[in-house]
Amino acid sequence: MAKHHLIIHEIMDVIDKVIYKEPRKTFMEILKVNEREVPFARVLGFFFRPKEKHKLGILFLRALLKTRWLGIKPSVDIITEPGSQRIGGNEIDRTSEIDLMPDSIKVKVEEPTGEGKRIDLLIIGNDFVICIEFKINHELNNPLEEYIQFTKSAYPNKKHIFLVLSPFRKEPTGEAKKTTEFKLVILSRFFSNVKELLSEHYHDDEEAGDYYQYFNDLVQTVENRGIRSTRFHTLATLCKKLKDNGIYSEYIKSKGGYLEVKRGRHALKIRINTFGWQLEKWSGSEKSGQENIKDTDIGYQELLNRIKAFYKNWIKYQSTVLDG
């Protein structure tokens, strides 16, 4: 998540509308492998292999070579939108720079470097090698220089391309700071290019269509990651604003994530819903009241005012009950 852009959203009193999308649970999430790099590498490795049963040839490789590559370093001059992760600027087509003969292309997943580390994905052609590291949730602190040295040593006299694929812009930490040869590819841009090229490969092969569902599941898994991450940051910002107004809340991770204001055995819960926001009153384990804010265009300030009014009525009601 780009912190500078979150700050811009807060200053502009804008809440990213992606938070109102309901994540559709994917097969990768059901298997609980959605936050691990290797399953992503295996699925994309399948689609990068030109001779596989998906019958898409080098489409995924072409899409990758058409996607914009970013420098992996802190930057405020590249605009990143939370959730959607759209990045400004034109794509660059590099497909003419290397030999893309399908019969010559091999793909390796989890390739050992000999130093106890593994490269997530290697795509090897006649005159090129693409070394790919996936970063879904974790920090970018891998020994990237080790990956570079291994790739250049194992595949000399080829064009070497080093990429990090991630849902979000990543800043290098630890050993990853030692090199600038790796470039960043935002997954949503890569997937968008895949979809644009798919129209050229449309066919009525039922089996190939079934394999395409694997790609859809991968795309949805990445989109879900963006929705949940943006929801968390939105609630964290709201929590801070409530605190500045004397209302102390806590982020609760369960059931999609929500804010909770506790007062003895009573609680006020603030949730995000597809229609907007849901404010709930609770007494112990029983919900005693609810107000829906059906507005997906609402900004932080108006939302804060609505929550403050709901909070005051909640406090007033409790005082009335206690006095009675």
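Structure shown above.
Presented here is an overview of the structure given in this document. If you're wondering where the values come from, they're calculated on a predicted model, not measured in any experiment.

## Details of the overall build of the protein chain
Here is step 1: Helix and strand counts for the protein chain stand at eight helices and eleven strands.
Here is step 2: Per-residue burial over the protein chain gives 50% buried out of 324 residues.
Here is step 3: The contacts in the protein chain between residues at least 6 apart in sequence include a share of 64% that link residues at least 24 apart.
Here is step 4: In the structure as shown, the protein chain presents an accessible area of about 16700 Å², 49% of it carried by carbon and sulfur atoms.

## Focus on the sheet that holds strand β4 (residues 128-134)
Here is step 1: The strand order β1-β6-β5-β4-β3-β2 describes an open sheet built from six strands, whose pairing is mixed. If you trace the sheet from one side to the other, it starts and ends with β1 (70-71) and β2 (106-112), each paired once.
Here is step 2: Pairing of β1 with strand β6 (residues 183-186), which is carried by two bridges, proceeds in the antiparallel orientation. Paired with Gly71 across the strands is Lys183, a residue of β6.
Here is step 3: The strands touched by helix α4 (residues 59-66) within the sheet are β3 (118-124), β4, β5 (159-166) and β6, with β4 carrying the most contacts at an inclination of about 80°.
Here is step 4: Packed on one face of the sheet, helix α6 (residues 187-198) meets β5 and β6 and runs near 60° to β6.

## Section: the nonpolar core
Here is step 1: Counting 44 residues, the largest nonpolar core has Phe48, Phe60, Leu61, Ile130, Ile132, Leu165 and Phe190 as the members making the most contacts within it.
Here is step 2: When residues of this core are traced back to their parent elements, those giving at least two are α3 (37-48), α4, β2, β3, β4, β5, α6 and α7 (206-244).
Here is step 3: Apart from the residues within four sequence positions on either side, Leu61 is in contact with Phe48, Leu100, Ile105, Ile123, Phe128 and Ile130.

## Some words on a nonpolar patch on the surface
Here is step 1: A cluster of nonpolar side chains, Phe27, Ile30 and Leu31, forms an exposed patch at the surface whose accessible area comes to about 330 Å².
Here is step 2: Among the secondary structure elements, Leu31 is positioned in the loop between α2 (27-30) and α3.

## Digging into the pairing of strand β9 (residues 266-273)
Here is step 1: Among the eight residues in β9, six count as buried, and that is most of the element.
Here is step 2: Pairing between strand β8 (residues 258-263) and β9: five bridges, direction antiparallel. Paired with Glu260 across the strands is Lys269, a residue of β9.
Here is step 3: Linking β8 to β9, which pair antiparallel, is a turn of two residues; within it Gly264 sits at a positive phi near 65°.
Here is step 4: The pairing of β9 with strand β10 (residues 276-283) spans eight bridges and is antiparallel. Residue pairing for β10: Ile272 is matched across the bridge by Trp277.

## Comments concerning the pairing of β10
Here is step 1: For β10, a buried count of seven out of eight residues is recorded, marking the element as mostly surrounded by other parts of the structure.
Here is step 2: The hairpin formed by β9 and β10 contains two residues between the paired strands.
Here is step 3: Here seven bridges tie β10 to strand β11 (residues 286-293), and the two strands are oriented antiparallel to one another. For Trp282, the partnering residue across the bridge sits in β11 and is Lys287.
Here is step 4: Connecting β10 to the antiparallel partner β11 that follows it, the hairpin turn spans two residues, and Gly284 within it adopts a positive phi of roughly 65°.

The rules we used
- Residues numbered from 1 in each chain as written.
- Predicted model: local features only at pLDDT ≥ 70, side-chain atom pairs only at ≥ 80, totals over all residues.
- Heavy atoms only, no water.
- Helix = DSSP H or I, 4+ residues; strand = E, 2+ residues; numbered from the N terminus.
- Buried < 20%, exposed > 50% of the residue type's maximum accessible area, 1.4 Å probe, protein only.
- Contact = heavy atoms within 4.5 Å.
- Areas by Shrake-Rupley, 256 points an atom, 1.4 Å probe, with all protein chains shown as cover.
- Pairing = 2+ DSSP bridges.
- Axes fitted to C-alpha atoms, helices over the stretch in contact; angles between N-to-C directions.
- Core = buried A, V, L, I, M, F, W, Y, C linked by side-chain atoms within 4.5 Å.
- Patch = residues over 30% accessible without salt bridge, like charges linked within 9 Å, V, L, I, M, F, W, Y side chains within 5 Å.
- Salt bridge = Lys/Arg side-chain N within 4 Å of Asp/Glu carboxyl O.

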